[in-house]
Amino acid sequence: MENAVGTGMGLIIALLILVVFGAIVGWLAGLVVKGSGYGLLGDIVIGIVGANIAGWLFPMIGIPVGGSVLGQIIAAVVGAVILLLVIKAIRQAAT
């Protein structure tokens, strides 16, 4: 039970995977949506929030995400692109 998520080293590894996944997804979404970069920390946050948006939105509209890593990455990138487009629209409306 030492390597279970939530305890000791398992928690550290899970957080590291989350950060790397968020950085990759945020970076890919930034390539799709041209604009000012958000840096590494911003990419991580955008990637994680985008994955949560996709995890909430896709089942609601009936799109199965699947269990593969590639499917999860694609879904997360779509969610992050949606987030970036919303941020971009809010920034343009504010100016």
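Here, every reference points to the structure presented above.
An account of the accompanying structure is given in this report. (Residues numbered from 1 in each chain as written. Predicted model: local features only at pLDDT ≥ 70, side-chain atom pairs only at ≥ 80, totals over all residues. Heavy atoms only, no water.)

## Considering the nonpolar core
Cut-off, in case you're wondering: The set of buried Ala, Val, Leu, Ile, Met, Phe, Trp, Tyr and Cys residues whose side-chain atoms join them within 4.5 Å is what this entry labels a nonpolar core. Between buried and exposed lies partly exposed: a residue is buried under 20% and exposed over 50% of the maximum accessible area for its type, with that area taken using a 1.4 Å probe on protein chains only. Numbered from the N terminus, helices here are DSSP runs of H or I no shorter than four residues, and strands are runs of E no shorter than two. Residue contacts follow a heavy-atom distance rule, with two residues in contact if any of their heavy atoms lie within 4.5 Å.
Counting residues in each nonpolar core, the largest one holds 10 residues, listed as Val 25, Ala 29, Val 33, Ile 46, Ala 76, Val 77, Ala 80, Val 81, Leu 83 and Leu 84. Sorting the residues of this core by element identifies helix H1 (8–32) and helix H3 (69–94) as the ones contributing at least two each. Setting aside anything within four residues of it in sequence, one finds Ala 76 in contact with Phe 21, Val 25, Gly 50, Ala 51 and Ala 54.

## Section: H1
How we decide: By definition here, a helix of n residues has an expected span of 1.5 Å times n minus one.
A rise of 1.5 Å per residue sets the reference length of H1, with its 25 residues, at 36 Å; its end C-alpha atoms lie 37 Å apart and thus fit the reference within 8%. Every buried residue of H1 is listed here: Gly 10, Gly 22, Ala 23, Val 25, Gly 26 and Ala 29.

## What to know about the environment of Ala 54
Within the fold, Ala 54 resides in helix H2 (residues 39–60). Relative accessible area serves as the criterion here: at 3%, Ala 54 is assigned to the buried category. In this structure, the C-alpha to C-alpha distance between Ala 54 and Ile 74, residues 20 residues apart in sequence, is 9.4 Å. Setting aside residues no more than four positions away along its own chain, Ala 54 makes contact with Pro 59, Ala 75, Ala 76 and Gly 79.

## A closer look at H3
With 26 residues, H3 extends 37 Å from end C-alpha to end C-alpha; this agrees with the ideal 38 Å at 1.5 Å per step. Along H3, the residues classified as buried are Gly 71, Ala 75, Ala 76, Val 77, Gly 79, Ala 80, Val 81, Leu 83 and Leu 84. For H3, the secondary structure elements touched by its buried residues are H1 and H2.

## Looking at the packing of H2 against H3
Put simply, the rule reads: To get an axis, fit a line to the C-alpha atoms, keeping to the stretch in contact for a helix; angles then go from 0 to 180 degrees between the N-to-C directions. Roughly parallel covers angles under 35 degrees, roughly antiparallel covers those over 145, roughly perpendicular covers 65 to 115, and oblique covers all other angles. Residues are grouped as follows: nonpolar covers Ala, Val, Leu, Ile, Met, Phe, Trp, Tyr, Cys and Pro; charged covers Asp, Glu, Lys and Arg; every other residue, Gly included, is treated as polar.
Across the interface, H2 lies against H3 with an axial gap of 7 Å and an inter-helix angle of 105 degrees. In terms of orientation, H2 and H3 fall into the roughly perpendicular class. On the side of H2, the interface is formed by Ile 46, Val 49, Gly 50, Ala 51, Ile 53, Ala 54, Leu 57 and Phe 58, while H3 contributes Ala 75, Ala 76, Val 78, Gly 79, Ala 80, Ile 82, Leu 83 and Leu 84. Here the contact of H2 with H3 is built from residues that sort into 14 nonpolar, 2 polar and no charged.

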